[in-house]
Amino acid sequence: MTQDLRISTMSREELDIAIDWAAAEGWNPGLHDRDSYYAADPEGFLIGRVGDEPVATISVVRYDERFGFLGFYIVHPEHRGRGYGSALWRAGMQRLAGCTVGLDGVPAQQDNYRKSGFELAWRNVRYEGRGGGERVEDARIVPLVSLTLDELTEFERPFFPAQRTDFLLAWLAQSDSLALGCVEEGCLVGYGVVRACRNGYKLAPLYADRPDVAELLFSALVSCVEPGEPVFLDIPEPNAEARALVGRHAMQPQFETARMYAGPAPTLPVERIYGMTSFEIG
């Protein structure tokens, strides 16, 4: 039956199909994520069709020759159980041949991912809180656009296994978003981005050198969201200070993902990651 499947690279506009399907699965993508994702790797989004009908999607973003990230692995509910997903998976993994590959998948699929060579690195947990609160007045908090690109990329480098400047510039330029940094003695010590999503807002990423910096940035960003609006934060579960932060703000867990890697897992400063950037492309 899979001989009827035609696999091709998505156009920028076709990426909306994968994003809409992800929204239907409850992943709550941002309102303006498409251009940011496409900037990461325009060739990294595959779609499977039977005739003219889309039946399956996958993203296989290749950041460089060593690292790629897999996401948007979705078969439309009306076409499941026919082998389309497996065929698209094989095509996607072939595109990432030679790379360490990361993914964030639902825990129920961990065993299936292990069969493809993936191993669990840690759990991510999505928490939900509410926007609003007293506006933060602190001279250390500055718009991220006030910093140079060199300052930003230098700070961001340890948090991701590969250079992703094009993605980062598009992510920070999204409509309906706010990006703030914390600067101490002329050095960036943390930054965060809050953006509008299908439901409420996501704070993604949130990076900080210290817990008090994470708290300051969290409060500054959340206070700029309309009071009562849902705010989501995806934390790496091993970061005890991130767990403490969501506890202080009475945020409630919603669901979790399994961060897994096929190939040598990168060494990331999880203790400085208070909010993940994207479950879809890393």
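Residues numbered from 1 in each chain as written. Predicted model: local features only at pLDDT ≥ 70, side-chain atom pairs only at ≥ 80, totals over all residues. Heavy atoms only, no water.

Comments concerning the overall build of the protein chain
- Per the secondary structure count, the protein chain includes eight helices and 13 strands.
- Here the C-alpha coordinates of the protein chain stretch approximately 60 × 35 × 30 Å along the principal axes.
- Considering only contacts within the protein chain whose residues lie at least 6 apart along the sequence, 75% involve residues at least 24 apart.
- Surface summary for the protein chain: the accessible area is close to 12,200 Å², and the carbon and sulfur share equals 48%. (Helix = DSSP H or I, 4+ residues; strand = E, 2+ residues; numbered from the N terminus. Contact = heavy atoms within 4.5 Å. Areas by Shrake-Rupley, 256 points an atom, 1.4 Å probe, with all protein chains shown as cover.)

A look at the state of the cysteines
- Applying the stated criterion to the full structure yields zero disulfides.
- In this model Cys 187 remains outside any disulfide bridge; the closest cysteine sulfur is found in Cys 182, 11 Å from its own. (Disulfide = S-S within 2.5 Å.)

Topic: the pairing of strand E10 (residues 201-208)
- Counting buried positions along E10 yields seven of eight residues, so the element is predominantly enclosed.
- As defined by bridge partners, strand E9 (residues 187-196) adjoins E10 across six bridges and the pair is classed as antiparallel. By the bridge assignment, Gly 190 is partnered in E10 with Ala 208.
- Hairpin remark: E9 followed by E10, antiparallel, with four residues in the connecting loop; positive phi at Gly 200, about 70°.
- Where E10 and strand E11 (residues 230-236) come together, two bridges link them in parallel fashion. Paired with Tyr 201 across the two strands is Val 231, which belongs to E11.
- Read from E10 through helix H7 (residues 211-222) to E11, the crossover connection turns out right-handed.
- Direction of pairing for E10 relative to strand E13 (residues 273-275): antiparallel, over a ladder of two bridges. Residue pairing for E13: Tyr 207 is matched across the bridge by Ile 273. (Buried < 20%, exposed > 50% of the residue type's maximum accessible area, 1.4 Å probe, protein only. Pairing = 2+ DSSP bridges. Right-handed = clockwise from strand over helix to strand, strands pointing away.)

Topic: the environment of Cys 197
- Structurally, Cys 197 can be placed in the loop between E9 and E10.
- Considering only alpha carbons, one finds Cys 197 and Asn 28, 169 residues apart in sequence, at a separation of 6.3 Å.
- Those residues in contact with Cys 197 that lie beyond four places of it in its chain are Asn 28, Pro 29, Gly 30, Leu 31 and Lys 202.

With respect to the pattern of salt bridges
- Enumeration over the complete set of coordinates arrives at 24 salt bridges.
- Its salt-bridge partner being Arg 157, residue Glu 154 comes within 2.6 Å of it at the nearest N-O pair.
- With a shortest N-O distance of 2.7 Å, Arg 272 and Asp 209 are connected by a salt bridge. Within this pair, whereas Arg 272 is found in the loop between strand E12 (252-262) and E13, its partner Asp 209 is found in the loop between E10 and H7, the two being separated by 63 residues in sequence. (Salt bridge = Lys/Arg side-chain N within 4 Å of Asp/Glu carboxyl O.)

Considering the UniProt feature "domain: N-acetyltransferase" (unreviewed entry) in the protein chain
- Per the UniProt record, the feature "domain: N-acetyltransferase" (unreviewed entry) sits at residues 5-143.
- In residues 5-143, helix accounts for 25% and strand for 37%; the two terminal C-alpha atoms are 47 Å from one another. (UniProt positions renumbered as here; feature names shortened; annotations may be inferred.)

So, the packing of H7 against helix H8 (residues 240-248)
- Here H7 crosses H8 at 40°, and the two axes come no closer than 10 Å. The angle between H7 and H8 falls in the class oblique. With respect to the hand of their crossing, H7 and H8 are arranged in right-handed fashion. Contacts between H7 and H8 involve Pro 211, Ala 214, Glu 215 and Phe 218 from the former and Glu 241, Leu 245 and Arg 248 from the latter.
- Here the residues of the contact of H7 with H8 sort into four nonpolar, no polar and three charged. (Axes fitted to C-alpha atoms, helices over the stretch in contact; angles between N-to-C directions. Parallel < 35°, antiparallel > 145°, perpendicular 65-115°, else oblique. Left-handed = near helix turned anticlockwise from the far one by under 90°. Nonpolar A, V, L, I, M, F, W, Y, C, P; charged D, E, K, R; others polar.)

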